Structures are given as structure tokens and as C-alpha cells.
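Examination of the molecular architecture
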Amino acid sequence: SNPLGTTMDRETLETLVSFVNEKRMHLVCDEIFSGTVFDKPSYVSVSEVIEDEPYCDRDLIHIAYSLSKNLGVPGFRLGVIYSYNDAVVSCARKMSSFGLVSSQTQHLLASMLGDEEFTTSFLATSRTGCAARRVFTDGLKRVGIHCLDGNAGLFCWMDLRPLLKEATVEAELRLWRVINDVKLNISRGRFFHCSEPGWFRVCFANM
Ligand SMILES: Cc1ncc(COP(=O)(O)O)c(C=O)c1O
């Protein structure tokens with residue numbers, strides 16, 4: 001998930017699948033960070049969960065994915081909707097003409113993704129890169145700053161609560177201004193609707 005850098009475990013996904021079935025709601029799983037998992041627990045896709053849930057109405061399950069994170073190509077605007085529901089697939093196919101991907105981009109990506117040797121080594125390298133967040137979090141730990149234990153993603157969730165003068169959104173904003181003044185670009189927990197002031201997201205992908 002963004003901003004926590006953690007993945008959902010199988011049990012939570014099972015609970016969600018059974019909840020949406022009971023309430024007849026649709027479940028859209030954003031699996032954009034699936035290829036960034038660098039530590040245990042390993043990634044569990046909702047597609048694996050529903051294999052073991054024969055009662056599940058698959059028409060309610062949809063998966064969204066994009067190459068933006070794994071390949072670092074957000075500018076290519078290339079994503080995937082994987083749905084078990086024919087009506088959704090048919091609608092998505094029609095809608096896709098409003099966001100066409102250029103033939104040059106398609107050709108480039110098809111060559112890259114069709115090269116199994118490249119994709120295997122690329123994913124391994126990219127996981128090693130994500131795991132390098134430890135260098136950063138260990139450095140923070142040495143100066144007394146802790147981060148949430150994460151297993152995926154391109155960022156970490158940093159706990160600066162001890163640095164707040166008081167546990168308020170205003171104090172979080174004041175601290176963020178100080179950090180911003182020294183040209184460090186981090187995002188306030190408030191932007192992610194965090195209920196506790198003092199948490200910040202640090203993106204290490206471009207460090
Ligand atoms: C969880 C999540 N889903 C989807 C996106 C959208 O990615 P894009 O529009 O580049 O495919 C982002 C981008 O930050 C994200 O963090």
C-alpha cells in the first residue's frame with residue numbers, strides 16, 4: 001500500500017472477499033506495488049485468494065495494475081485492468097480508446113516484456129534496489145528515528161511523532177515546514193488521512 005510500504009496478508013484479503021460477497025459490493029484491488037516486494041511476507045494477489053474460495057462471485061472482483069512503479073515509466077501511462085466480469089472488460093475496452101498508448105510505446109514495452117531474461121534480471125535488480133531502503137532506515141534508526149517495518153514499495157513511513165511539540169495537525173505542519181525549508185521533500189501523514197499526527201512518507205526511489 002501507499003504510503004505504508006506493506007502488503008495485505010491472505011487473511012485480510014479473504015475477509016475482504018467474503019465481505020464483498022455478502023454485501024454484493026465490487027472489490028477493486030490495486031496491485032501496482034506487487035513487483036516491489038523485497039521482504040517477507042511474499043505477495044498474495046486477490047486472484048490467488050479467490051482460487052480457494054469457491055463461493056466467491058468472481059464478477060465482483062477486479063484488479064488494477066500499472067507499469068509505472070516496477071519499470072519506473074509513469075510517463076508511458078500504461079496500465080492494466082484485469083476483471084472476471086465480462087461487462088467490465090467490454091466497457092474498459094471501449095473506454096481505452098480515450099487513453100490510447102502510442103504504437104511506439106507498445107512496441108518498446110512488448111519487446112522489453114517479451115524478453116524473459118531481461119524481465120527476470122530487471123525484477124531481481126529492482127527488488128534489491130527496494131531492499132536498499134534498509135541503508136536509509138538504519139541510518140535514521142542511528143539518530144533515533146523509527147520507520148514502520150515494510151516489505152514493499154518505493155517509500156517508507158517515518159515516525160516523527162517524538163519531534164512534535166504537541167500531537168496536533170498544526171504541529172505536524174510546522175515540522176514539515178522546517179523539513180521543507182532545508183529542501184527535503186517528504187509528504188505529511190495528513191495528506192494520506194493518517195489519524196495520528198507526526199507520520200511522514202519518504203520516497204527513496206529517486207535518492
Ligand atoms: C497505489 C497507487 N496506485 C496507482 C497509482 C497510479 O499510477 P499511474 O497513474 O502512474 O499508473 C499510484 C501512483 O502513485 C499509486 O501509488
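Residues numbered from 1 in each chain as written. Predicted model: local features only at pLDDT ≥ 70, side-chain atom pairs only at ≥ 80, totals over all residues. Heavy atoms only, no water.

As a reminder, the rule being used: UniProt positions are given in the numbering used here, feature names are shortened, and annotations may be inferred rather than shown by experiment.
The name given to the protein in an unreviewed UniProt entry is 1-aminocyclopropane-1-carboxylate synthase, and the organism recorded there is Musa acuminata. Database annotation for the protein, UniProt heading Sequence similarities (unreviewed entry): "Belongs to the class-I pyridoxal-phosphate-dependent aminotransferase family."

1. Considerations on the packing of aromatic side chains
Heads up, the rule is: Only the six-membered ring of Trp is used, alongside the rings of Phe and Tyr, when aromatic pairs are assigned; centres must lie within 6.5 Å, and planes under 30 degrees apart are stacked while those over 60 apart are edge-to-face, with the rest tilted. Secondary structure counts use DSSP, requiring at least four H or I residues in a row for a helix and at least two E residues in a row for a strand, with both numbered from the N terminus. Under the scheme applied here, a residue whose accessible area is under 20% of the maximum for its type counts as buried, over 50% as exposed, and between as partly exposed, the area being computed with a 1.4 Å probe on protein chains only. Only when the NZ atom of a Lys or the CZ atom of an Arg is both within 6 Å of the ring centre and within 35 degrees of the ring normal do we say a charge sits over the ring.
Inspection of the entire model under this criterion finds five aromatic pairs. On the numbers, 5.9 Å between centres and 85 degrees between planes, the contact of Trp 157 with Phe 192 is edge-to-face. Residue Trp 157 is found in strand 5 (residues 155-159), and its partner Phe 192 is found in the loop between strand 6 (187-188) and strand 7 (199-203); the two are separated by 35 residues along the sequence. Residue Trp 157 is classed as buried on the basis of its relative accessible area of 5%. An aromatic cluster is defined as three or more aromatic residues linked by ring pairs; in this entry it consists of Trp 157, Phe 192 and Trp 199. Taking the ring centre of Phe 155 as reference, the NZ or CZ of Arg 201 above it sits at 5.3 Å.

2. Quick notes on the state of the cysteines
Here is the rule: We call a pair of cysteine sulfur atoms a disulfide when they lie within 2.5 Å.
Under the definition given, this model contains zero disulfides. You can see Cys 91 has no disulfide; the closest cysteine sulfur is in Cys 29, sitting 19 Å from it. Looking at Cys 91, the relative accessible area reads 42%, which means it is partly exposed. The structure places no disulfide on Cys 194, whose sulfur is separated from the nearest cysteine sulfur, that of Cys 147, by 13 Å.

3. Topic: the site of the ligand
Definition in use: When we say a residue is near a molecule or strand, we mean one of its heavy atoms is within 4 Å of it. Throughout this description, a polar contact denotes any pair of N or O atoms lying within 3.5 Å of each other; where both atoms belong to protein, one of them has to be capable of donating a hydrogen while the other can accept it, and for residues adjacent in sequence the pair is counted only when both atoms sit in side chains. Under the convention used here, a 1.4 Å probe and the Shrake-Rupley method define accessible areas, while residue burial counts only the protein chains that appear.
Residues in close proximity to the ligand include Asn 2, Asp 30, Ile 32, Phe 33, Ser 66, Ser 68, Lys 69 and Arg 77, which together make up its full environment. In this structure, an oxygen atom belonging to the ligand sits 2.6 Å away from a side-chain N or O atom of Ser 68. At 2.7 Å, a side-chain N or O of Lys 69 approaches an oxygen atom of the ligand. Contact with the protein chains removes 62% of the 400 Å² of surface that the ligand exposes when unbound.

4. Digging into the domain arrangement of the protein
Condition: Those domain boundaries reflect an automatic or database domain assignment. Throughout, a contact is declared for two residues whenever any of their heavy atoms are within 4.5 Å. What gets called buried area is simply the loss in accessible area from a 1.4 Å probe that two parts show on being joined, summed for both. Throughout this description, the term salt bridge denotes a Lys or Arg side-chain nitrogen within 4 Å of a carboxyl oxygen of Asp or Glu. Only Asp, Glu, Lys and Arg are considered charged in this grouping, and only Ala, Val, Leu, Ile, Met, Phe, Trp, Tyr, Cys and Pro are considered nonpolar; every other residue, Gly among them, is considered polar.
Annotation of the protein at the domain level lists domain 1 (10-128) and domain 2 (133-203). If you average the C-alpha positions of domain 1 and of domain 2, the two centres end up 29 Å apart. Opposite the eight residues of domain 1 that make contact, domain 2 presents eight residues. Summed over both sides, the interface between domain 1 and domain 2 buries roughly 670 Å², with carbon and sulfur atoms accounting for 64% of that surface. Interface area lost by domain 1 to domain 2 is led by Phe 33, Thr 36 and Phe 38, which between them contribute 63%. A salt bridge links Arg 134 to Asp 39; its shortest N-O distance comes to 3.1 Å. Our count for the domain 1 to domain 2 interface comes out at four residue pairs in polar contact (both at pLDDT 80 or more). Grouping the constituent residues of the side of domain 1 that touches domain 2 by class yields four nonpolar, one polar and three charged.

5. Some remarks on the sheet that holds strand 6
What counts here: Strands qualify as paired when DSSP identifies two bridges or more between them. To obtain each axis, a line is fitted to C-alpha atoms, and for helices this fit is confined to the stretch in contact; angles are then taken between N-to-C directions over 0 to 180 degrees.
The antiparallel open sheet is built from four strands, whose spatial order is 4-5-7-6. Looking at which strands have only one partner, the edges of the open sheet turn out to be strand 4 (146-147) and strand 6. Taken together, the five bridges between strand 5 and strand 7 define a ladder with antiparallel strand orientation. What sits directly across from Phe 155, in strand 7, is Cys 203. Docked against the sheet, helix 6 (residues 133-142) engages strand 4, strand 5 and strand 7, running at close to 10 degrees with respect to strand 5.

6. A short note on the side chain of Arg 201
By secondary structure assignment, the location of Arg 201 is in strand 7. Among the polar contacts made by the side chain of Arg 201, one reaches the side chain of Asn 2 at a distance of 2.9 Å. With residues near it in sequence (within four places) discarded, Arg 201 still touches Asn 2, Pro 3, Phe 155, Cys 156, Trp 157, Ile 186, Ser 187 and Phe 192.

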